[in-house]
Amino acid sequence: MTENNTYAFALHGGAGVTPGRDYSDAEAHMRELALACERDLRAGAAALDIVTRAVEEMETCGLYVAGRGSAPNDVGYVELDASIMDGATRQGGSIAAARDVMLPIRAARAVMEKSEHVMLTARGAERFCRQHGLEFVADPDSYYRLPVGVVEEDLATANRAHGTVGAVALDLQGRLAAATSTGGIFGKSEGRLGDTPIIGAGTWADENVAVSCTGLGEAFILAGGAQDVASRVRYGSQPLDEAVEGLIADVGARDGDGGVIAVDREGRVSMRWNSFGMKRAWGGAGHIPTVAVF
Ligand code: ASP
């Protein structure tokens with residue numbers, strides 16, 4: 001890997017936002033995170049560490065539908081999904097439908113780095129996490145909380161309300177990485193997986209692009225997901241924005257809503273959504289970190 005002289009990142013806190021609701025706590029949190037990402041990338045941090053840390057922070061704060069802010073499934077307990085990909089090594093890891101893992105993205109990274117597999121689910125994922133000394137939530141009843149901008153009604157109506165967190169980054173060495181973590185769709189069926197834990201659907205990183213998706217997972221899976229953006233760039237030579245818009249259009253054609261963040265090896269950042277908005281932050285060399293929702 002060679003010096004690249006540029007760096008960039010983007011974060012999302014989910015595209016399931018409702019006009020008129022107050023997301024100011026999440027915005028303030030994302031601003032802090034964005035400042036830290038910018039500072040650390042400028043200082044030479046690895047893209048993989050940036051996306052891991054950013055997602056961990058979003059998992060533990062309880063402001064988003066991931067980690068602490070996850071909602072229970074239709075039988076009353078939280079199932080967590082997360083995936084991570086290192087574009088420089090083309091390695092990936094994920095956990096799916098895992099219970100009470102404190103930092104799902106750290107678990108996904110452990111699968112990538114310490115197992116011979118890409119994906120572990122449910123009891124197997126939990127056993128792997130225990131074997132590798134990863135922390136579990138001690139008291140699930142008091143730990144999980146409603147994230148910012150989510151009301152009880154969203155849980156009760158099972159109206160496909162959703163949220164997720166994700167991060168993409170390009171570092172000074174030219175390495176790209178992506179990470180995504182979610183509690184999934186509110187009131188989801190026990191055992192249901194969306195796009196988030198699937199490498200290529202919710203998360204992708206290679207030598208050209210890093211992509212993280214959020215939205216109705218079924219539609220993202222059927223539209224080809226994050227890998228579709230990479231293929232549009234690789235085989236179709238599409239500019240990043242066009243590639244991201246192409247995926248979003250395909251998700252929309254499948255009655256899905258959601259958003260995508262992506263960064264390419266030149267440090268271009270693309271963020272698109274077809275919902276009311278997407279909690280997001282971005283920055284890079286020469287760009288002051290910026291936060292927005294709608
Ligand atoms: N994609 C997630 C899922 O389907 C939800 C979201 O991103 O809002 O589980």
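A. Highlighting the pattern of salt bridges. Following the criterion strictly, the structure yields 16 salt bridges and no others. Asp 206 is the salt-bridge partner of Arg 234, the closest N and O atoms lying 3.4 Å from each other. Here the residue Arg 234 occupies a position in helix H8 (residues 225–234), and Asp 206 occupies one in the loop between strand S7 (203–205) and strand S8 (209–215), the gap between them amounting to 28 residues. When salt bridges with common partners are traced through the structure, they connect Arg 90, Asp 206, Glu 207 and Arg 234 into a single cluster.

B. Representation of the packing of aromatic side chains. Scanning all chains against the criterion turns up two aromatic pairs. When the ring of Tyr 143 is compared with that of Tyr 144, the centres are 5.3 Å apart and the planes differ by 75°; the resulting orientation is edge-to-face. We classify Tyr 144 as buried; its relative accessible area is 16%. Over the ring of Tyr 77 we find Arg 99; its NZ or CZ atom is 3.8 Å from the centre of that ring. Over the face of the ring belonging to Phe 136 we find Arg 130, whose NZ or CZ atom lies 4.5 Å from the ring centre.

C. Summary view of unusual backbone geometry. With phi around 50°, Ala 97 is a residue other than glycine that occupies positive phi space. Counting through the fold element by element, Ala 97 comes out in strand S3 (residues 91–98). Its identity is not glycine, yet Ser 237 carries a phi of approximately 50°, on the positive side. Locating Ser 237 in the fold gives a position in the loop between H8 and helix H9 (240–253).

D. Structural view of the sheet that holds S7. If you trace the four strands from one edge of the open sheet to the other, you get S7-S8-S9-S10, paired in antiparallel fashion. Of all the strands in the sheet, just S7 and strand S10 (269–273) have a single pairing partner and so form its edges. The mean inter-strand angle of the sheet, taken between neighbouring strand axes irrespective of direction, is 10°. Bridge count for S8 against strand S9 (residues 258–264) is seven bridges, and the pairing is antiparallel.

E. Up close: the sheet that holds S3. With mixed pairing, the eight strands of this open sheet are ordered in space as S4-S3-S2-S6-S5-S1-S11-S12. The sheet is open, and its two borders are formed by strand S4 (119–121) and strand S12 (287–292), each paired with just one other strand. Neighbour-to-neighbour, the strand axes of the sheet open up by a mean angle of 5°, direction not taken into account. Note: strand S1 (residues 8–12) against strand S5 (residues 165–170), five bridges, orientation antiparallel. Note that in S5 the partner of His 12 across the bridge is Gly 166. Docked against the sheet, helix H4 (residues 122–131) engages S3 and S4, running at close to 105° with respect to S4.

F. Highlighting empty space enclosed by the protein. A complete count under the given rule lists one cavity of 30 Å³ or more for this structure. Estimated volume of the largest cavity: approximately 70 Å³. In terms of residue count, the dominant contributor to the lining of the largest cavity is S8 (three residues). Considering only residue class, the lining of the largest cavity consists of two nonpolar, 10 polar and three charged.

G. Geometry of the environment of Asp 241. By the secondary structure assignment, Asp 241 is in helix H9. Separated by 139 residues in the primary sequence, Asp 241 and Met 102 have C-alpha atoms spaced 34 Å apart.

H. Structural context of the pairing of S10. The pairing of S9 with S10 spans five bridges and is antiparallel. Bridge pairing links Val 260 to Arg 272 in S10. Linkage of S9 to S10, two consecutive antiparallel strands, is achieved through a turn of four residues, within which Gly 267 is found at a positive phi near 90°.

What counts and what doesn't
- Residues numbered from 1 in each chain as written.
- Predicted model: local features only at pLDDT ≥ 70, side-chain atom pairs only at ≥ 80, totals over all residues.
- Heavy atoms only, no water.
- Salt bridge = Lys/Arg side-chain N within 4 Å of Asp/Glu carboxyl O.
- Helix = DSSP H or I, 4+ residues; strand = E, 2+ residues; numbered from the N terminus.
- Phe/Tyr/Trp six-rings, centres within 6.5 Å; stacked < 30°, edge-to-face > 60°.
- Buried < 20%, exposed > 50% of the residue type's maximum accessible area, 1.4 Å probe, protein only.
- Lys NZ or Arg CZ within 6 Å of the ring centre and 35° of its normal.
- Pairing = 2+ DSSP bridges.
- Axes fitted to C-alpha atoms, helices over the stretch in contact; angles between N-to-C directions.
- Contact = heavy atoms within 4.5 Å.
- 1 Å grid on protein atoms, 1.4 Å probe; cavity = no way out; pocket = protein on both sides within 12 Å on 5 of 7 lines; lining within 4 Å.
- Points joined across faces, edges and corners; volume = space filled by probe spheres on them.
- Nonpolar A, V, L, I, M, F, W, Y, C, P; charged D, E, K, R; others polar.

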